[in-house]
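# Analysis of the macromolecular model
The lines below spell out each chain.
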Amino acid sequence: MTAAAAGLFAQHLPDIYQRAALYLGACSGPLPAQRLPTMAPWPELENAQPNSDKYIEGAAGQQSTTPAKGKETSKNDTDTPVTKIELLPSYSTMALIEEPTAVEDPWNLPELQDTGIKWSERDTKGKILCVFQGIGKFILLLVFLYFFVCSLDVLSSAFQLVGGKVAGQFFSNNSIMSNPVAGLVIGVLVTVLVQSSSTSSSIVVSMVASSLLNVQAAVPIIMGANIGTSITNTIVALMQAGDRSEFRRAFAGATVHDFFNWLSVLVLLPLEAATHYLERLTNLVVETFNFKNGEDAPELLKVITDPFTKLIIQLDKKVINQIAMNDETAKNKSMIKIWCKTFTNVTERNVTVPSPDNCTSPSLCWTDGLHTWTIKNVTHQENIAKCQHIFVNFNLPDVVVGTILLVVSLLVLCSCLILIVKLLGSVLRGQVAVVIKKTINTDFPFPFAWVTGYLAILVGAGMTFIVQSSSVFTSAMTPLIGIGVISIERAYPLTLGANIGTTTTAILAALASPGSTLKSSLQIALCHFFFNISGILLWYPIPFTRLPIRLAKGLGSISAEYRWFAVFYLVIFFFLIPLAVFGLSLVGWPVLVGVGAPIIFVVFLVVVLRLLQSHCPRVLPHKLQNWNFLPPWMHSLKPWDKLISASTSCCRRLCCRTCCLLCGCPKCCRCSKCCEDLQEEQGVPVKSPEAFANMAMDKEAQDGVPKSEVDASGTKTISSITAL
């Protein structure tokens, strides 16, 4: 039975092959009857034409004298015999090419696949080794996280050494403090320079307590400090620029903090200037509750990091306060602390005074005929022990020490961040990643889904209260956003909670202030607290109003495509614009309004026009329905990208060539590829099967697209669409 079936299959195999060849239009001659046919390789299908008319003509042109099995002969109206051939079903690759591919959402969280051996497939030794590896990775993660936090602390000290005195001079100009816009940009600049909103807030508290500044003028500075503190996690996001997908998510997760602060200031600063609601509300709270001096705010994270960071550098932060208070003697002081242990001795001495009016009291005033004498307390400070940090005996200028620490801390920060991301990528795999992502990103069941975001705000506030710094919490969260553990939608309420947490720390610090500064410091801390609460009420409860998420995603997509734009954003929004506004404020309020009003009007007009182009283009004239009426460099980043790429190509080639020389890399290594010309890499032809190429060329001919050219070697270069 089996032999009969095999013989029947061998008998009809030539007929099957002939029908397939007729269908493809590639039957160039009769099949040899003595041997079984074999499948032709790709080059032999060179003349295949995917034209259905030619298939029919080929089938009709082949006249069979004797009807065979599988063929059916009939007659048409002209009594001409027509051979009907039963064609086998064909599966063309054209459907694969023409079928639209699904566009993947770049904001979807990636699946962290477990590429290792499954737990069930391991033996006892492998399971023990896997457990010890997990413990070791967890310990390494804690170590790298510790150095990451310490590097942030040292980075803040470095910024204070480089720009702390300049920041104090910003505050010393009291003439422009009455301008709320100038106060806002001063808060931004000072916080960016010292990398600490707590430092800038403490300076404001000292100035208010000394009557150099009133609370009304201090509120815009606190708003600016809230903006300036968000630059730290944005700088951390730049360290993930190597991978576009990770950088898109990380930069969006970092800048959602920026957009929340900027939008809140855009609404609340004019409201505060018109109504002074924050000043009145905080004054009411302070006068209603009888606050008393308490203990110092708990420093939970400082207890762990200070033993290490104090071995590197210790600063005398009172110098910045003294410069802000117009103390001329502080301008020549060094911020590097030399003596950590001192002894202050107060003694009474007889001193001469110009006249009896300068005596401490009439009973302690006498004259000997030539001079007027009185008794005064003289303070004598004696240095006992020096500080134990690296730069205590170097006698270097503050700027030099700050620059050294800035470079070193940035290198440590980058290294720790890269290692943290690698470790998290290896640890958060498989089932562990699924559990963590579900725990963080999943909402509560339907009736209580809205509670999840508010719970995330409380979690963010609690974590920030523990680490005593919103910058540390948001910077530690940024790499988790980049690798896809935390979504942007969940990072947003966590960031809002961090804003609340850092204000509660300031309130506790204010409660520990002495009686003379208690009211002013507490009122300013409450202004910071109610400002963040007002911003949350504006930009979170209603999903439609969560504009920071959409704006951050847009900026993240742009920065992922043009990575230089992230640096451009930082420089423009945190340095150039605040400096320009501050400079115009020095000239005068009329100049600031005269220059700023037209710019604000143009920006408002562009935003309105863009919204109309997106939603209601028909209401606009035809010319204004897009931006093509402007030069390309005014509405597209591509010309700027070409310019920046051309300007940096020389530096890139020089760096790569230097790297190749130092490493001794051969020409075929990956490092040396960047030294080659880009056109040489793009000139490599894409080879594909010739039958597919013919099909693609026939499709191009039907669409009116010129056919792909054939080079001298016979290799066809086709478009990326037909390369499938």
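Located above this text is the structure these notes cover.
Now for a quick tour of the structure. Bear in mind the structure is a predicted one, so any value in this text is a computation, not a measurement.

### What about the packing of helix α20 (residues 564-587) against helix α21 (residues 589-615)?
Following both chains from N to C, one finds α20 and α21 inclined at 140°, their axes separated by 6 Å at the closest point. Compared by their axis directions, α20 and α21 come out oblique. Contact residues: α20 offers Val 581, Leu 584, Ser 585 and Val 587, while α21 offers Val 591, Leu 592 and Val 595.

### Side note on the sheet that holds strand β4 (residues 365-367)
Taken in spatial order, the three strands line up as β3-β5-β4 in an open sheet, and their pairing is antiparallel. Since the sheet does not close on itself, it has two edges, and those belong to β3 (339-353) and β4, each with one partner. For this sheet the average axis-to-axis angle between neighbouring strands, irrespective of direction, equals 40°. In this structure, β3 lies alongside strand β5 (residues 372-386), joined through 14 bridges in antiparallel fashion. Bridge assignment links Val 351 to a residue of β5, and that residue is Thr 374.

### A look at the environment of Ser 585
Structurally, the position occupied by Ser 585 is in helix α20. Residues Ser 585 and Ile 176, spaced 409 residues apart in sequence, show a C-alpha to C-alpha distance of 6.8 Å.

### A word on the state of the cysteines
For the structure shown, the criterion picks out one disulfide. There is a disulfide in this structure between Cys 340 and Cys 387, and the S-S distance comes to 1.7 Å. The sign of the S-S torsion, about 110°, decides the handedness of the disulfide formed by Cys 340 and Cys 387: right-handed. Placement of Cys 340 in strand β3 and of Cys 387 in the loop between β5 and α13 (398-427) is noted, with a sequence separation of 47 residues between them. Given the relative accessible area of 3%, Cys 387 is considered buried. The cysteine Cys 150 is free of any disulfide, with Cys 416 supplying the nearest cysteine sulfur at 8.9 Å.

Basis of the calculations
- Residues numbered from 1 in each chain as written.
- Predicted model: local features only at pLDDT ≥ 70, side-chain atom pairs only at ≥ 80, totals over all residues.
- Heavy atoms only, no water.
- Axes fitted to C-alpha atoms, helices over the stretch in contact; angles between N-to-C directions.
- Helix = DSSP H or I, 4+ residues; strand = E, 2+ residues; numbered from the N terminus.
- Parallel < 35°, antiparallel > 145°, perpendicular 65-115°, else oblique.
- Contact = heavy atoms within 4.5 Å.
- Pairing = 2+ DSSP bridges.
- Disulfide = S-S within 2.5 Å.
- Buried < 20%, exposed > 50% of the residue type's maximum accessible area, 1.4 Å probe, protein only.

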